[in-house]
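Results of the structural survey
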Amino acid sequence: MNTTHAIKDISQIQILMDVYPPQSKNRLLLEYAIRTGLRISDILNVKVGQVLGKESYQIVEMKTGKKKELAIHDRLKQSISDYVEKEGLEASDYLFYSNADRSSHIKRTQAHRIIAHAGDMIGITLSAHSLRKSFGYHSYKQGVDISLLQTIFQHSSQAVTLRYIDITQENINNVYKRVDFGF
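Small disclaimer: the values here were computed from a predicted structure and weren't measured.

Next up on the list: the overall build of the protein chain. A count of helical and extended segments in the protein chain gives 10 helices and two strands. Along the protein chain, from the amino end to the carboxyl end, the secondary structure elements read α-α-α-α-β-β-α-α-α-α-α-α. For the protein chain, the C-alpha atoms occupy an extent of roughly 65 × 35 × 35 Å along the three principal directions. Taken over 183 residues, the protein chain has a buried fraction of 45%.

What follows deals with the packing of helix α2 (residues 25–36) against helix α5 (residues 74–87). Packed helix pairs are characterised by how far apart their axes lie and by the angle those axes make with each other. Contact geometry of α2 with α5 gives a least axis separation of 10 Å together with a crossing angle of 155°. Here α2 lies roughly antiparallel to α5, going by the angle between them. The two elements α2 and α5 meet at a crossing, and its hand is left-handed. Seen from α2, the contacting residues are Lys 25, Arg 27, Leu 28, Glu 31, Tyr 32, Arg 35 and Thr 36; seen from α5, they are Arg 75, Leu 76, Ser 79, Ile 80 and Tyr 83. Class assignment of the residues belonging to the contact of α2 with α5 gives a composition of five nonpolar, two polar and five charged.

Bringing helix α6 (residues 108–122) into the picture now. Every α-helix winds through 3.6 residues per turn, so residues three or four apart in the chain are directed the same way. Counted at 1.5 Å a residue, the expected span for α6 with its 15 residues is 21 Å, and the 22 Å between its end C-alpha atoms agrees. All of the buried residues along α6 are Ala 111, Ile 114, Ile 115, Ala 118 and Gly 119. Angular distribution of buried residues about the axis of α6 spans 130°; they occupy a single face of the element. Along α6, exposed side chains directed more than 90 degrees from the buried face belong to Thr 109, Arg 113 and Asp 120.

Right, let's get into the packing of α2 against helix α7 (residues 128–141). It is at 7 Å that the axes of α2 and α7 come closest, and there the two elements cross at 45°. In terms of their interaxial angle, α2 and α7 are classed as oblique. For the pair α2 and α7, the sense of crossing is right-handed. Mapping the contact onto sequence places Leu 30, Ala 33, Ile 34, Arg 35 and Thr 36 in α2 and Leu 131, Ser 134 and Phe 135 in α7. Its residues assigned to classes, the contact of α2 with α7 comprises five nonpolar, two polar and one charged.

Another aspect to go through is a nonpolar patch on the surface. On the surface, Val 175, Val 179, Phe 181 and Phe 183 cluster together into a nonpolar patch covering about 520 Å² of accessible area. Looking at where Val 179 falls in the secondary structure, it is placed in the segment after α10 (168–178). Classification of Val 179 as partly exposed rests on a relative accessible area of 45%.

A few words now on unusual backbone geometry. Despite not being glycine, Gln 23 has its phi angle at roughly 65°, a positive value. One can find Gln 23 in the loop between α1 (10–17) and α2. Even without being a glycine, Asp 166 presents a positive backbone phi close to 65°. Within the element layout of this structure, Asp 166 appears in the loop between α9 (158–164) and α10. We classify Asp 166 as buried; its relative accessible area is 14%.

Once that is clear, we can look at the pattern of salt bridges. Within this structure, the stated rule accounts for seven salt bridges. Of the charged contacts, one joins Arg 27 and Glu 31 as a salt bridge, the two residues approaching to 2.7 Å between their closest N and O atoms. Pair noted here: Arg 27 and Glu 31 are both in helix α2, with a separation of four residues, about one helical turn. Of the two residues, Arg 27 and Glu 31, neither departs from the other in class, the shared state being buried. Glu 87 serves as the salt-bridge partner of Lys 86, at 3.2 Å between the closest nitrogen and oxygen.

Calculation criteria
Residues numbered from 1 in each chain as written. Predicted model: local features only at pLDDT ≥ 70, side-chain atom pairs only at ≥ 80, totals over all residues. Heavy atoms only, no water. Helix = DSSP H or I, 4+ residues; strand = E, 2+ residues; numbered from the N terminus. Buried < 20%, exposed > 50% of the residue type's maximum accessible area, 1.4 Å probe, protein only. Axes fitted to C-alpha atoms, helices over the stretch in contact; angles between N-to-C directions. Parallel < 35°, antiparallel > 145°, perpendicular 65-115°, else oblique. Left-handed = near helix turned anticlockwise from the far one by under 90°. Contact = heavy atoms within 4.5 Å. Nonpolar A, V, L, I, M, F, W, Y, C, P; charged D, E, K, R; others polar. Expected span 1.5 Å × (residues − 1). Arc of directions from axis to C-beta. Patch = residues over 30% accessible without salt bridge, like charges linked within 9 Å, V, L, I, M, F, W, Y side chains within 5 Å. Areas by Shrake-Rupley, 256 points an atom, 1.4 Å probe, with all protein chains shown as cover. Salt bridge = Lys/Arg side-chain N within 4 Å of Asp/Glu carboxyl O.

Here it is, written out as structure tokens:
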């Protein structure tokens, strides 16, 4: 079984965001995934009217069935607005509509292809789950309390969240490197 990992180097994320053209569906998919930390199934179900011009919106997570309120980052709001205007989308349209049938969203397999291809273009293995983990990793590194991330990811313990965002082994390695015995 392949294990997905967070993108730990912020400069790699910046390079990743330049892989697809601005205001494109593919670029917005990458940005949406990394800025929200949502599962791909929850991202694909978003309709324009839920998010356009909004500060936040509510979803019911497909995997857990739990309600979740999600604030929308200002830069993501702008990206959504620019994309919707460029594409001429209506409030009832899926944000990530299918080219084959605009009344439907792209399929999970297509979303995974878009994300994996972006990773291939910068030389890393990438999945939607990698982007979710990257959201958690960088949130933690920027000072977000682990208990908040535990709540966001709906994990049973902080230890699970630390392991999920690839922090546990990194912290263990830092202990070995930092302990000073004075000699």
